[in-house]
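# Fold and contact review
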Amino acid sequence: MNYVQAINYIHSLNRFGIHPGLERIEELCRAVGNPQDRLKFVHVAGTNGKGSTSTMIAGALTASGKKTGLFTSPFVSEFLERIQIDGSPCDKELFAKCVTELEPIVAEMATRDMQPTEFEVITAAAFMIFERENCDICVLEVGLGGRLDSTNVISTPLVSVIASISLDHTAILGETVEEIAKEKCGIIKGNGKTVCYPWQEKEAFEVINDTCERMNNSLFIPNVRGIIAVENRIDGVQFTYNSTEYKLSMSGEYQVYNAVTAIDACRVLGLDEKSIKQGIEMAKVPARMEVISSSPLVLLDGGHNEDGGKAVAESLASMLNGKRIFAVIGMMADKNVESYLEKVATLCSFVAATTVADNPRAMTAEELEQKAKIYCKNTKHFSSAQEAIEYARKYIPDYDCLLVCGSLYLAGEVRNQLKNIF
């Protein structure tokens, strides 16, 4: 296979859906020699912020001189954003070679009613790539949950990181924060070290603490009292943590708490302060309050649940100070749409509701507009995001900010268009 064929093959596996469990990934890895057993890992789980936290840790590791792999999901613009080496997408030919080696294994497993899922094949390919690239340390972001996620095929990592936990994917992970936390904490393995996001809900923290005690893990929690002098700007955030000044290139005050989680994880790893500061400052994640343009101000955010909406709302309130916001919003129907809109649409002067393209889970633009009307008096629906953005382009001079938000699928669909227009 060449790269395009490999990508098409990977996407063809999407029809097999999501099936939590480790038996298939264990079989896949065993068939290619268990490359994960010869690698060192930082394992990151959570509901919100795990992508940003993973990217910051990986950046600090690279800055310290370690060859660093990063496995994250989903991608926004380019598929191989998901598998990175030292901050850049992995080699396309190497990816295609690994997928080619996996294809007959996948086909044989299918004959035994063990059909691997798309995510499982990508995970196995990432392990193969990281080993062949001789990575010193790999940062693994959990795909879904933790306990039964395919990334959890690894043994005890150098450090487990639990990012912010809240309600999401309730049909799979559980209907309460406590149930979801138990799934996330499945990545905590015996005799390890765990770093926990500082503002967990009480029920989540109790599960994390109990799991660490049961698995004989040292638990590290960032000292929020050590966070002072937070300055949140469009181009990023400056803050002081435990008497050390840091800069973030990502905007949003909520990123400070992801950052201190990453900082403490890096300290557990023994990284020097210069590398940590550099990694934190250089970290950028597409579609996380991403500034596409400063004049006019265009923001792109892929947060899609209640906590994601809260983070966007807090960032808008602190950065824009009541300015007029034109929002293009598209969401999945299986998310808590009302809670998200209550946080975000309330701050907007106009909401253009759209349907995310080519996704059966997407809420229709008409239904989304009806829900948005409750929180914003000026609304309109559009059959496509492209049409909504073209409409916004005409009227943005009358507004202070264009915000495109509600789904990472929407962000991936329109990011290049936004960059070309603005």
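Notes on the structure follow. Since the structure is predicted, the reported quantities are computational estimates derived from the model, not experimental observations.

## With respect to helix H14 (residues 385-395)
Those residues of H14 lying buried are Ala385, Ala388, Ile389 and Ala392. End-on, the buried residues of H14 take up no more than an arc of 95°, which puts them together on one face.

## Focus: the pairing of strand E9 (residues 227-233)
The pairing of E9 with strand E10 (residues 236-241) spans 5 bridges and is classified as antiparallel. Within the sheet, the bridge partner assigned to Ile228 lies in E10 and is Thr240. Count of turn residues in the E9/E10 antiparallel hairpin: 2 residues.

## Structural notes on the sheet that holds strand E13 (residues 297-301)
Sheet architecture is open: 6 strands sit in the order E12-E13-E17-E14-E15-E16, paired in mixed fashion. On the outer flanks of this sheet lie strand E12 (290-294) and strand E16 (379-382), each paired with one strand and no other. Taken pair by pair, the neighbouring strands of this sheet meet at an average axis angle of 15°, ignoring direction. Inspection of the sheet shows strand E14 (residues 325-329) paired to strand E15 (residues 350-354) by 4 bridges, in the parallel sense. Opposite Ile329, over in E15, you have Ala353 as the bridge partner.

## Focus on the layout of surface pockets
Roughly 540 Å³ of volume is contained in the second largest pocket. Contributing elements (two or more residues each) for the lining of the second largest pocket: helix H3 (50-63), strand E2 (68-71) and helix H10 (273-282). Here the element with the most residues in the lining of the second largest pocket is H3; it accounts for 6 residues.

## Some thoughts on the environment of Tyr254
Mapped onto the secondary structure, Tyr254 falls in the loop between strand E11 (244-248) and helix H9 (255-268). Sequence separation between Tyr254 and Ile228 is 26 residues, and the spatial gap between their C-alpha atoms is 14 Å. Apart from the residues lying within four places of it in its own chain, the contact partners of Tyr254 are Arg288, Met289, Asp301, Ala311 and Ser315.

## Quick word on helix H11 (residues 306-320)
The end-to-end C-alpha separation of H11 is 21 Å, in line with the 21 Å expected for 15 residues at 1.5 Å each. The complete set of buried residues in H11 reads Gly308, Gly309, Ala311, Val312, Ala313, Ser315, Leu316, Met319 and Leu320. Buried residues along H11 sit in contact with E9, E13, E14, helix H12 (337-344) and strand E17 (401-405). In the segment just after H11, Asn321 is the residue with positive phi, at about 50°.

## Quick look at the side chain of Ser54
As for its placement among the helices and strands, Ser54 is situated in helix H3. Ser54 has contacts with Val44, Leu70, Val139 and Glu141, leaving out every residue within four places of it along the chain.

## Section: the packing of H3 against H10
Between H3 and H10, whose axes approach to 7 Å, the crossing angle comes to 135°. Here H3 lies oblique to H10, going by the angle between them. As H3 runs across H10, the sense of the crossing is right-handed. Across from Met56, Gly59, Ala60 and Ala63 in H3, the residues of H10 making contact are Ser275, Ile276, Gln278, Gly279 and Ile280. Counted by class, the contact of H3 with H10 contains 5 nonpolar, 4 polar and no charged residues.

## Brief notes about the environment of Cys98
Along the chain, the position of Cys98 falls in helix H4 (residues 92-110). The buried category is assigned to Cys98, whose relative accessible area is 0%. For the pair Cys98 and Asn14, spaced 84 residues apart in sequence, the C-alpha to C-alpha distance is 18 Å. Non-local contacts of Cys98, meaning those with residues more than four positions away in its chain, are made with Ala125, Met128, Ile129 and Arg132.

## Quick look at the nonpolar core
By size, the foremost hydrophobic cluster in this structure holds 43 residues, and its most contacted members are Leu28, Phe71, Phe79, Ile83, Phe95, Ile129 and Phe130. Mapped by element, the contributors of at least two residues to this core are helix H1 (3-12), helix H2 (23-31), strand E3 (83-85), H4, helix H5 (118-132) and strand E5 (137-141). In terms of residue count, the dominant contributor to this core is H5 (10 residues). If near-sequence neighbours (up to four positions away) are discounted, Leu28 is found in contact with Leu102, Ile105, Val106, Met109, Pro116, Glu120, Val121 and Ala124.

The rules we used
- Residues numbered from 1 in each chain as written.
- Predicted model: local features only at pLDDT ≥ 70, side-chain atom pairs only at ≥ 80, totals over all residues.
- Heavy atoms only, no water.
- Buried < 20%, exposed > 50% of the residue type's maximum accessible area, 1.4 Å probe, protein only.
- Helix = DSSP H or I, 4+ residues; strand = E, 2+ residues; numbered from the N terminus.
- Arc of directions from axis to C-beta.
- Pairing = 2+ DSSP bridges.
- Axes fitted to C-alpha atoms, helices over the stretch in contact; angles between N-to-C directions.
- 1 Å grid on protein atoms, 1.4 Å probe; cavity = no way out; pocket = protein on both sides within 12 Å on 5 of 7 lines; lining within 4 Å.
- Points joined across faces, edges and corners; volume = space filled by probe spheres on them.
- Contact = heavy atoms within 4.5 Å.
- Expected span 1.5 Å × (residues − 1).
- Parallel < 35°, antiparallel > 145°, perpendicular 65-115°, else oblique.
- Left-handed = near helix turned anticlockwise from the far one by under 90°.
- Nonpolar A, V, L, I, M, F, W, Y, C, P; charged D, E, K, R; others polar.
- Core = buried A, V, L, I, M, F, W, Y, C linked by side-chain atoms within 4.5 Å.

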